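Structural features, examined
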Protein chains: 4
Amino acid sequence: MLILMNLNSPRQDIQNVKDKIISFNCTPHEIPGASKLAIGITGPSEHLIKEEFQLLSSVEEVIRVTKKYKLVSRQMKNDDTIINVNETIIGGNELTIIAGPCAIESREQIFDIAGKLKEMGVNFLRAGAYKPRSSPYAFQGLKEKGLEYLCDVKREIGINIVTEVLDQSTISAVAEVADIIQLGARNMQNYALLEQVGKTQKPVLLKRGMSATIEELLLSAEYIVSQQNYNVILCERGIRTFETATRNTLDLNAVPVIKKNSHLPIFVDPSHGIGIWDKVPAMAMAAIAAGADGLIIEVHTNPEKALSDGLQTLNLTTFRELIQKLQELAPVVNKKLNLSKHE
Amino acid sequence: MLILMNLNSPRQDIQNVKDKIISFNCTPHEIPGASKLAIGITGPSEHLIKEEFQLLSSVEEVIRVTKKYKLVSRQMKNDDTIINVNETIIGGNELTIIAGPCAIESREQIFDIAGKLKEMGVNFLRAGAYKPRSSPYAFQGLKEKGLEYLCDVKREIGINIVTEVLDQSTISAVAEVADIIQLGARNMQNYALLEQVGKTQKPVLLKRGMSATIEELLLSAEYIVSQQNYNVILCERGIRTFETATRNTLDLNAVPVIKKNSHLPIFVDPSHGIGIWDKVPAMAMAAIAAGADGLIIEVHTNPEKALSDGLQTLNLTTFRELIQKLQELAPVVNKKLNLSKHE
Amino acid sequence: MLILMNLNSPRQDIQNVKDKIISFNCTPHEIPGASKLAIGITGPSEHLIKEEFQLLSSVEEVIRVTKKYKLVSRQMKNDDTIINVNETIIGGNELTIIAGPCAIESREQIFDIAGKLKEMGVNFLRAGAYKPRSSPYAFQGLKEKGLEYLCDVKREIGINIVTEVLDQSTISAVAEVADIIQLGARNMQNYALLEQVGKTQKPVLLKRGMSATIEELLLSAEYIVSQQNYNVILCERGIRTFETATRNTLDLNAVPVIKKNSHLPIFVDPSHGIGIWDKVPAMAMAAIAAGADGLIIEVHTNPEKALSDGLQTLNLTTFRELIQKLQELAPVVNKKLNLSKHE
Amino acid sequence: MLILMNLNSPRQDIQNVKDKIISFNCTPHEIPGASKLAIGITGPSEHLIKEEFQLLSSVEEVIRVTKKYKLVSRQMKNDDTIINVNETIIGGNELTIIAGPCAIESREQIFDIAGKLKEMGVNFLRAGAYKPRSSPYAFQGLKEKGLEYLCDVKREIGINIVTEVLDQSTISAVAEVADIIQLGARNMQNYALLEQVGKTQKPVLLKRGMSATIEELLLSAEYIVSQQNYNVILCERGIRTFETATRNTLDLNAVPVIKKNSHLPIFVDPSHGIGIWDKVPAMAMAAIAAGADGLIIEVHTNPEKALSDGLQTLNLTTFRELIQKLQELAPVVNKKLNLSKHE
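One structure accompanies this document, and this report is about it. From a predicted model like this one, the values you see are computed outputs, not experimental measurements. (Residues numbered from 1 in each chain as written. Chains lettered and ligands numbered in written order. Predicted model: local features only at pLDDT ≥ 70, side-chain atom pairs only at ≥ 80, totals over all residues.)

Side note on the relation of the copies chain D and chain A
With an RMSD of 0.1 Å, chain D superimposes on chain A once it is rotated by 180° and translated 0.0 Å along the axis. When the rotation and shift are considered jointly, the pair of chain copies conforms to a two-fold rotation axis. Every residue of chain D has its C-alpha some distance from the rotation axis, and the shortest such distance is that of Ser 211 of chain D, at 2.9 Å. Mapped onto chain A, 100% of the interface residues of chain D again fall at the interface, so both copies present the same surface. (Least-squares fit on C-alpha atoms with pLDDT ≥ 70 in both. Contact = placed C-beta atoms within 7 Å.)

Some points on helix H11 (residues 316–329) of chain A
Residues and elements named next belong to chain A. With 14 residues, H11 extends 20 Å from end C-alpha to end C-alpha; this agrees with the ideal 20 Å at 1.5 Å per step. All of the buried residues in H11 are Phe 319, Leu 322, Leu 326 and Leu 329. Looking straight down H11, one finds its buried side chains confined to an arc of 70°; they lie on one side. Summarising the geometry of H11, the exposed residues directed more than 90 degrees from the buried face are Thr 317, Glu 321 and Gln 324. (Helix = DSSP H or I, 4+ residues; strand = E, 2+ residues; numbered from the N terminus. Expected span 1.5 Å × (residues − 1). Buried ≥ 20, exposed ≤ 12 C-beta atoms within 10 Å, placed from the backbone. Arc of directions from axis to C-beta.)

Considerations on the interface of chain A and chain B
Contact with chain A, which involves 31 residues of that partner, is made by 31 residues of chain B. Per-element accounting of the side of chain A that touches chain B gives the leading share, five residues, to helix H10 (residues 280–289) of chain A. Each residue belonging to the side of chain A that touches chain B can be placed in one class, and the counts come to 18 nonpolar, eight polar and five charged. (Nonpolar A, V, L, I, M, F, W, Y, C, P; charged D, E, K, R; others polar.)

A word on the sheet that holds strand E3 (residues 36–42) of chain D
Residue and element names in this part refer to chain D. Read across the open sheet, the four strands follow the order E2-E3-E1-E4; overall the sheet is antiparallel. Looking along the sheet, the strands with just one partner apiece sit at the ends: strand E2 (27–32) and strand E4 (59–63). Neighbour to neighbour, the strand axes of the sheet diverge by 20° on average, direction disregarded. Direction of pairing for E2 relative to E3: antiparallel, over a ladder of six bridges. Looking across to E3, one finds that Pro 32 is bridged to Leu 37. (Pairing = 2+ DSSP bridges. Axes fitted to C-alpha atoms, helices over the stretch in contact; angles between N-to-C directions.)

Focus: the interface of chain D and chain A
At the junction of the two partners, chain D supplies 24 residues and chain A supplies 24 residues. For the side of chain D that touches chain A, the element with the most residues is helix H7 (residues 214–225) of chain D, which contributes four residues. In terms of residue class, the side of chain D that touches chain A is made up of nine nonpolar, nine polar and six charged.

Some details on the pairing of strand E1 (residues 2–6) of chain B
All names here are of chain B. Bridging between E1 and strand E4 (residues 59–63) involves four bridges; their strand directions are antiparallel. Residue Ile 3 lies in a different strand from E4, and its bridge partner there is Val 62. Looking at chain direction, E1 and strand E3 (residues 36–42) are connected through five bridges and run antiparallel. Residue pairing in the sheet places Ile 3 in a bridge with Ile 39 of E3.

Some remarks on the relation of the copies chain A and chain B
The transform that puts chain A on chain B rotates by 180° and translates by 0.0 Å along the axis, for an RMSD of 0.1 Å. The fraction of interface residues of chain A whose copies in chain B are also interface residues reaches 100%, indicating that both copies meet through the same surface.

Topic: the sheet that holds E1 of chain B
All names here are of chain B. Strand order in the open sheet formed by four strands is E2-E3-E1-E4, with antiparallel pairing between adjacent strands. The sheet terminates laterally at strand E2 (27–32) and E4, the two strands that pair on one side only. For this sheet the average axis-to-axis angle between neighbouring strands, irrespective of direction, equals 20°.

Let's talk about the packing of helix H3 (residues 107–119) of chain C against helix H4 (residues 144–157) of chain C
Residue and element names in this part refer to chain C. At a minimum axis distance of 10 Å, the contact between H3 and H4 shows a crossing angle of 35°. The way H3 lies across H4 gives a crossing that is right-handed. In contact with Arg 107, Ile 110, Phe 111, Ala 114, Gly 115 and Lys 118 of H3, H4 contributes Tyr 149, Val 153 and Ile 157. Residues belonging to the contact of H3 with H4 are distributed by class as follows: six nonpolar, one polar and two charged. (Left-handed = near helix turned anticlockwise from the far one by under 90°.)

Here you go:
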């Protein structure tokens, strides 16, 4: 259920509504919008009595939320969620590019690529310190050492860091370095991790599981948002199908479906999505044309030598060409490519 | 195997190569390109002796085609296939729009929508006279009556006709009316039908089966092309996955994969692909951004009253808005929207 | 809708019911059962008035059939359909084995394997004269020559023939030889072919399409049965999924689902289903334990030399061992393995 | 790589082999078999020199393991793994039944069902204290209270406990109660959890992820076994496909594939697998016929009132009938249903 109030409601009226919610053993969530203040309700809502709220002062409307997910739904909040990461805006009319290698391989490698991306105006570096791998014998990342390098890169080059957390025991270490914490596809339904990451109050990039439905992705986002962390970016990264010509089947259908049903920004990862580097630019363009708010792309100065995911990774030349095409595409979808000014 | 010859090879040299191929019980296919003349070879190619061809005069190179499909592969013909349908060009830099209702429902309905589309500059009308339906009890189309209406529409309104054939017994009737014969997803592996339709020498729009791999789609195209009918348009229309939020999962990954591997034009059907009308424009834009050569879209003057597929059908207003967005998008991908001049 | 009448209803009462159905522009289908006579109704049933039938004499009950499929549903006919093929019974408590090579390769090959199977008591030989192949360049079967050999085998060895039809133009030739006409997975939604095969009145083995839902399989069966041909055997043969360790994913879940919803016998093809010969016996056993009425299994005297599907084909030794295990399993599921007495 | 030694090798010879392995920075794993002692090797095996091992005394053979998974492969250990849980044997010729409700709902409920199952001879009770749920608002289990009830049930009724762990922070609490720790489908690739659970040295039931390949399941098991915990039971529980008639698609093909490639026992969960209670017995029978070592089945004294998964849960009557059928089936597959003697 959702209580819509006048944006200028007196503080006491708002408090009255929240107290009433609490009296039903439910939790109120204050969600300010452009034209209304919404108070979302989670908890055992079957006992709530609609009429009791309609009588309270400053309450304009009481709405039943019909989706299984509540706080992340457009019913609850009609305006797009805008996320401010160190003064860079994600969502709305901004198109954001997150780029970088699959894994941190060495101090030199990560400084080199971060510098090159920064020169191109890219504001977000992706790079994994902890890598989830199907096999226990595969390269699992530089771990703490990797985080240390990221910390140095961030300070010296001045670029925002997007990096994955795998495990509750390393959340605080990752959260210290990351500007956006990435939750990978394999962990989309690791609910304990979702809740703990939600509690950090850091922005989160939540990737769709390999066979998760769109509804399940939104429900997993709800786990994070229900920790009062509203800064969640959803990410489509390809699903599993029978097709073997591509690594995964990037499901761009998810973009307009999510835009309709949720106020959260939706990014696309064309690198994992199609999994073949020379086809990544086409899918990146398609993602933006479908309405995505941003892209997360694997870029490496030397993809042939990458320790993981080399086949799906762009080199700098191809990435630069893609950025130019995206610049042309952005105004067609009424957006602006969010690159920092650079020399 | 593939023999590359000089474009200006004397006719006798070309004939010598073909005779040599026939002497091995194989079939030669002459495929002129921009810079070279290719002679494709199909049949029991394991006995061919490469050296015997290299010695023939005007032969520049002998190449082994490594894909299972041969004539439709880019190895065989590097230049994009361009199809001329009554002076309208499909493929290359042209973006083509095929639009219209799922089914012909009445004379008035089809004249009405065809007139409106023609006014907007659309050169191709889609409309089914024969409808394949899962249930024997569902509306199966107006059949012969439908073809008759299409014939009148074509003559009186002057629009090219794209319509489906279901059955060998109606091929000649359909071929008489259709400018492009559509082969539906359910018939993608109906090889007898593919061959018979191939023999009509009419352009063919071949839709990907619901669970066909991209390789299987290309092999099915090969059945048509091996009948010397090179005018085949491939069409991605959504595959079956576990996701239930959309009718099918439109697999735009197929677009760059096909562009890489085949010279045939690739269209996309976003209407069946995502199956929800208000999300069709986003997927249409994405398809073109991914590199598709055209779209086939369901449009009806009154989708709520359509006898079939109403939920995925655009009305004229939404379709007109989409056309405008596509006009803006086309130059970004170095293409031109192929609409006829109108009032 | 479905009219239940007393089994001993006077002929005139039955005729009255049928006439009433016809007066609504619908088609009556007389379906005798163990305890009741059912009259199924297909056609534009929305105009039927239930009360008008309830008043007719000998009518006991009028039931609305809620499934999209009608004649094949258990609602329409509660008793299992029993099919008599030249005095061999399929369905009910009988477990039937259809065995043989993927394709007829030569006169010697087919006589050899047919003789060996007959000695083991197998009553049904499978062997393809026409083979549907993804590639136009793969072996497509011996065609008419193959049918000729089957005809000889049938006459000289005395075994029932199960063979596939691909194409309307060869239906009558196939129907002349076949005791059961097979419709393959690729043709499950080739509705014109389904109807034409239905009209032959021969028993039909209808294979599930690679990505057909169970409901679609039953609707395709409905196309055949609506031609008054009630002798349809359904066949699960594996669906397409993301798993690559097996050729297809044999979906045994289909067996109890179909048993619940339809009165038609359901067979399983473990050879195509899992696609790896040494795992075929396990899946064959599982199919029978799940409640299947029979199996269709690829067996070859020399699988390594088979022209197609060798990897999924049993040799005679493994097949014989499987038959012995099935003999032990049959009574556990209250069935009897339907082998002919042999010397 | 794998070193095969004589079963009666002197201890010093074994130690020499292990020291040599360690000198290459790899880890030795001693795996005693029926006829040979195997020493598995994990770690950076690319530097190992085969010849150096062949020369050591008591070494009979040095084998390269070709699968990505090593310790769980049949190449590494040919004999079936047998797991002894408080003197009840799992694997080999024993068929094991794990039964019980989805979730612990109350002290009464769990004592009631556990008592009834014990009377029927069932040795393993399944019941969730922690429940992973797609929605944060769904019932998540009784948690610590649930574990407390399980502890009482175990002591008072004398039945082994199988219960799920969701989270690293509760591993030790769960491990104290559980005789077998269950790892659910959503956590199959939660590698940190796999390793921590591995370290408890408790037997583990590892469920296949909803879209995990069989190879990925075995690699996840490898994460556990590489912690020196060899007591891993694999469990097929249904995968995601396009089919909507069943909750999941129980993939029994996994059973013979796993039996061929791994020595670990493989169980089947027909309750989640097909998801419809009246079809669970058919799939349970099929699982055993396919070669599974055991079943995990949802049973509730009153399925209609279950707090979760009621639709797929058997009542006691249906469960008892299934046990009787399984008793008949077991000898057909050369196994014995592992029920305790009871009054």
